[in-house]
Amino acid sequence: MVAKVTQINVFPVKSAKGITISSALVEETGLCFDRQFMIALLDGSMVTARSYPQLVHITPALRPQGVTLRYQQLPPLQLIYNQFEDATFRSEVWGDQFDAFKTTDEANEWISKVVGKPAVLLFKGNESVRFSKKAQQKVSFADAFPVLIISEASLDDLNERSTSHHTMEQFRTNLVVSGTRAFEEDSWKKIKIGDVVFEVSCGCSRCILTTVNPQTAKLDKLKEPLTTLASYRSDEQGKVYFGQNLIACNEGLITEGDEVIVIERQSPTQYVMKEQRNNDAPVRDAESNQHKSISISINGHLFSGNNQQTILEQAEDEGIRLAYSCRSGFCGACKILKESGEVADVAMDALLESEIEQGYILACCSTPMTDIELVN
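No experiment lies behind these values; they were computed from the predicted model shown.

Attention now moves to the sheet that holds strand β20 (residues 252–255). A sheet is described by the order of its strands in space; here three strands give the open sequence β4-β3-β20, paired in antiparallel fashion. Edge positions in the sheet fall to β4 (30–31) and β20, since each has one partner strand and no second. Pairing of strand β3 (residues 23–27) with β20 involves four bridges; the strand directions are antiparallel. What sits directly across from L25, in β20, is L253.

Listed below in structure tokens is the structure:
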């Protein structure tokens, strides 16, 4: 079989809908036009579809002098590069702090209506100044690495195992390839596509964004495909992997139909095999479904919360930053100690038995039912 590129995608706005193109210029920071805009709150923290799934319905279109964005009934937003403010805005992507560029007041007002709270639309600039600690190089507004590749055979393998049907759109990949075995990309170390040589850096750790339905912008209640992937594509820490992160060794052009030439191979990562957890949605009694105000204390910060949202969601609304990654109970990054109080809908998969006995919970999955005190 001959591996070939069957799809090239760019995502002009982080977390918004992608655009399929026939060819792309590959730069150091990734594909040209990919993740060149991002949304942030006024404190600089990034806004993504992990917390605001409606963002996947923002539809971009590339124009000669900028980008047009459309969203539901809002009038289209015309972004013209030479009309952007000549000013910077301190922002952050997964711990990488940097100065992004402001766009326009009109863009900020428009994007705030989509998000539902005050927000700003930021531009990476003609040359990104963001340095990714994980990739150890400059990148755009992508999570960590410049380019993502997934094979069609890997998606087919997932769909054979999963109770739901999944599309490439859920995984927001830049490159799709055919003519491989399932997960053959795990064994690639260095490849060449068109003019560009790529180093295969590492597997792509997946998060709750993959569970957002691109058509409905709703989170899957059974947390698919993460639930299925966790049964055969997770490491010892519980992180789930699907696709491979690439770093370009040179700039150049890649085109749909280009052959994927494998220059060097490596031993693929061996993942933990485990039983799929129960997919039944947790049942909450009538009393817990009634909205109730409660007190939440996180590291001594006391505020008024409720019994409907997760601890992570309420902390973010209060401006308290808690660590997280997958936001779906698989990785354990949001582990926090419960000193008092009760929670419901607790996912325990990412916690050791000893941690559960000590009182640790996962902030991304735990909803407080009573006044609660937490420390991390």
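All right, on to the nonpolar core then. Ranked by internal contacts, the top residues of the largest apolar core, which has 47 residues, are I39, L55, I58, L69 and L121. With five residues, helix α1 (residues 105–115) is the single largest residue contributor to this core. Residues I296, I320, I361 and L362 belong to the second largest nonpolar core, which totals 32 residues.

Covalent bonding between the sulfur atoms of two cysteines is what defines a disulfide. Tallying each qualifying case throughout the model produces zero disulfides. Looking at the unpaired C334, the closest cysteine sulfur is the one in C364, lying at 3.6 Å.

Our next topic: the environment of Q7. Note on placement: Q7 falls in strand β1 (residues 4–10). You can call Q7 partly exposed: its relative accessible area is 27%. Those residues in contact with Q7 that sit more than four places away from it in its chain are T20, N174, L175 and V176. Within polar-contact distance, the side chain of Q7 engages the side chain of N9 at 2.9 Å.

Each aromatic ring pair is specified by the distance between its two centres and by the angle formed by the two planes. According to the stated counting rule, one finds eleven aromatic pairs in the structure shown. An angle of 65 degrees between the planes, with centres 5.1 Å apart, marks the rings of W94 and Y324 as edge-to-face. You can see W94 sitting in the loop between β10 (88–93) and β11 (96–102) and its partner Y324 sitting in the loop between α5 (311–317) and β24 (335–340), a full 230 residues away along the chain. You can call Y324 buried: its relative accessible area is 19%. Aromatic pair F183 and F242: ring centres 5.9 Å apart, planes at 80 degrees, arrangement edge-to-face. You can see F183 sitting in the loop between β16 (175–178) and β17 (188–193) and its partner F242 sitting in strand β19 (residues 240–248), a full 59 residues away along the chain. Of the two residues, F183 and F242, both sit in the buried class.

The subject of this paragraph is the sheet that holds strand β12 (residues 119–123). Taken together, the five strands give an open sheet; going across it, the order is β6-β5-β12-β11-β10, and neighbouring strands pair in antiparallel fashion. Both edges of this open sheet fall to β6 (46–47) and β10, since each of them pairs with a single strand only. Pairing of β11 with β12 involves two bridges; the strand directions are antiparallel. For F101, the partnering residue across the bridge sits in β12 and is F123. Running over the sheet, α1 touches β5 (37–41), β6 and β12 and is turned about 120 degrees from β12.

A word on unusual backbone geometry. In this chain, E224 is followed by P225 through a cis amide linkage whose omega measures 10 degrees. Within the element layout of this structure, P225 appears in the loop between β18 (196–206) and α3 (226–230). In this model, W94 sits at a positive phi of 50 degrees, which is unusual for a non-glycine residue. Not every positive phi belongs to a glycine, and F183 is a case in point at roughly 60 degrees. Residue classification places F183 among the buried residues on the basis of a relative accessible area of 13%.

What counts as what
One numbering rule holds for all chains: residues counted from 1, following each sequence as written. Residue-level local features of this predicted model are given only where pLDDT is at least 70; pairs of side-chain atoms are given and counted only at 80 or more, and the full residue set underlies all totals for whole chains, interfaces and linings. To get the side-chain values, all heavy atoms of the structure are used, and hydrogens and water are removed first. In short, DSSP must find at least two bridges between two strands for them to pair. Each helix corresponds to a stretch of at least 4 residues labelled H or I by DSSP, and each strand to a stretch of at least 2 residues labelled E; elements are numbered beginning at the N terminus. Remark: nonpolar core denotes a set of buried residues (Ala, Val, Leu, Ile, Met, Phe, Trp, Tyr, Cys) joined through side-chain atoms within 4.5 Å. Remark: exposure states derive from per-residue accessible area (1.4 Å probe, protein chains only) relative to the maximum for the residue type, with buried under 20%, exposed over 50%, and partly exposed in between. The disulfide criterion used throughout: a pair of cysteine sulfur atoms within 2.5 Å. The contact criterion used is simple: two residues touch if any of their non-hydrogen atoms lie within 4.5 Å. Polar contacts here mean pairs of N or O atoms no more than 3.5 Å apart (in protein, one a potential hydrogen donor and the other a potential acceptor; neighbouring residues in sequence count only if both atoms are side-chain atoms). Think of it this way: a Phe, Tyr or Trp ring, Trp meaning its six-membered ring, pairs with another when their centres are within 6.5 Å, and the plane angle makes it stacked under 30 degrees, edge-to-face over 60, tilted otherwise. Axes here mean lines fitted to C-alpha atoms, for a helix over just the part in contact, with angles spanning 0 to 180 degrees between N-to-C directions.

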